[in-house]
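Chain by chain, the residues run as shown.
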Amino acid sequence: MIFDLEQKTTNEKYKLMAQTIIPRPIAWVVTEDDGVLNIAPFSYFMALSSTPATVMISVGHKSDATPKDTLFNIRKNKKCTICIVDEEHLEQMHFSSKELPKSLSEVEEFNIETTTVLEDFPPMVKGVPAAYFCDFNQEIDLGGGNTIPLILNVKNIYVKDEAITNPERLTIDFAPITRIGKSYARVGDGIEPPKIP
Ligand SMILES: Cc1cc2nc3c(=O)[nH]c(=O)nc-3n(C[C@H](O)[C@H](O)[C@H](O)COP(=O)(O)O)c2cc1C
C-alpha cells in the first residue's frame with residue numbers, strides 16, 4: 001500500500017513514520033533557564049557527524065502553540081545535555097514527557113536526581129549510562145510545520161565507567177532503551193557484521 005502523505009494528517013504521518021523508522025534512540029534532554037532545570041525526552045534524534053561531533057533533535061510546540069521548554073531554553077541559552085536512557089530510568093524518562101508550565105521543573109515533579117559534571121553545561125541525570133554535552137549550532141527551516149530540527153555540536157561525552165569494557169580499544173557496552181512506535185524496547189544482543197567478500 002502506498003500512503004500519499006499529502007492526504008494524511010500530522011498524526012497519521014507521525015504514526016506511519018514512528019512505526020517504520022525503528023528503533024529510534026531517545027535523547028533525554030536537560031536544559032536550564034532562570035534557575036529552572038527542564039528535562040524531556042525526544043526520539044526524533046540522530047547522529048549527523050563524528051567530526052565535527054554533531055547530533056540533531058527535532059522539537060515541537062506545546063498544546064498552546066508556544067515552543068516546548070526545551071526549544072525555548074536551547075534557543076536562549078545555547079546549551080543542552082543529552083542523556084542516554086537505560087531501563088532503570090525508563091519510568092522517569094516517560095513521566096518527564098508530561099507537558100508542564102515552564103516555571104515547574106521535572107526534577108522536583110518526578111524526583112529526578114541530577115549531577116553537575118561540567119560547569120559550562122546543564123547537569124546530567126544521575127546514573128545514566130552516557131551523556132552528551134552540547135552547544136547549539138543552528139536550527140533548520142523545514143519550510144512549514146511546527147517541529148524544529150536543532151543541530152547540536154557535541155563538546156564532551158560521558159560514559160559510565162562500568163560500561164567501558166576496554167578503555168584502550170574504547171569498547172563500550174550497555175543496554176539503552178529505544179522507542180518503537182509508542183512503545184519501548186531494550187537494545188539486546190548484537191549481531192556481528194558479515195564479512196564483505
Ligand atoms: C519517548 C518520547 C519521545 C518523544 N519525542 C519527541 C520528539 O522527538 N519531538 C517532540 O517535539 N516531542 C517529543 N516527545 C514529547 C515531549 O517529550 C513532550 O512534549 C514534553 O512535554 C516536552 O517537554 P518540554 O516542554 O519540557 O520541552 C516525546 C515523548 C516521549 C515519551
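As a reminder, the structure under discussion sits directly above these lines.
Residues numbered from 1 in each chain as written. Predicted model: local features only at pLDDT ≥ 70, side-chain atom pairs only at ≥ 80, totals over all residues. Heavy atoms only, no water.

A. Highlighting the site of the ligand. Close contacts around the ligand come from 20 residues, with Asn-38, Pro-41, Lys-68, Thr-70 and Ser-97 the closest. Contact between the ligand and Ser-97: an oxygen atom at 2.8 Å from a main-chain N or O atom of the residue. Protein burial of the ligand: of its 640 Å² of free accessible surface, 88% is covered by the chains. Elements that contribute at least two residues to the shell around the ligand include exactly strand S3 (36-42), strand S5 (54-59) and helix H2 (69-77). Class assignment of the residues belonging to the shell around the ligand gives a composition of six nonpolar, seven polar and seven charged. (Near = heavy atom within 4 Å. Polar contact = N/O pair within 3.5 Å; in protein donor to acceptor, adjacent residues only side chain to side chain. Areas by Shrake-Rupley, 256 points an atom, 1.4 Å probe, with all protein chains shown as cover. Helix = DSSP H or I, 4+ residues; strand = E, 2+ residues; numbered from the N terminus. Nonpolar A, V, L, I, M, F, W, Y, C, P; charged D, E, K, R; others polar.)

B. Highlighting the sheet that holds strand S1 (residues 24-25). Overall, antiparallel pairing links the three strands, which are arranged S1-S13-S14 in an open sheet. Here the strands that pair on one side only, and so sit at the sheet edges, are S1 and strand S14 (183-186). Alignment of strand S13 (residues 177-180) against S14, held across four bridges, turns out to be antiparallel. Across the sheet, the residue bridging to Arg-179 is Tyr-184, located in S14. (Pairing = 2+ DSSP bridges.)

C. Representation of unusual backbone geometry. The omega angle of the peptide bond from Ile-22 to Pro-23 is -10°, so this bond is cis rather than trans. Looking at the element boundaries, Pro-23 is found in the loop between helix H1 (10-18) and S1. The amide bond that connects Thr-51 to the next residue, Pro-52, takes the cis arrangement and shows omega of -5°. The residue Pro-52 is located in the loop between strand S4 (45-49) and S5 in this model.

D. The arrangement of the nonpolar core in detail. By size, the foremost hydrophobic cluster in this structure holds 20 residues, and its most contacted members are Val-29, Ile-57, Ile-74, Ile-82, Leu-150 and Leu-152. Residue assignment for this core shows that the elements contributing at least two residues are strand S2 (27-33), S3, S5, H2, strand S6 (79-84), strand S9 (130-139) and strand S10 (148-159). Sorting elements by how many residues they give to this core places S10 first, with four residues. Discounting chain neighbours no more than four positions away, the residues touching Ile-82 are Ala-27, Trp-28, Val-29, Phe-45, Val-55, Ile-57, Ala-130, Ala-131, Tyr-132, Cys-134 and Leu-152. Of all hydrophobic cores here, the second largest spans 19 residues; its members include Val-85, Val-107, Val-125 and Ala-131. (Core = buried A, V, L, I, M, F, W, Y, C linked by side-chain atoms within 4.5 Å. Buried < 20%, exposed > 50% of the residue type's maximum accessible area, 1.4 Å probe, protein only. Contact = heavy atoms within 4.5 Å.)

So yeah, pure geometry; function would need other evidence.
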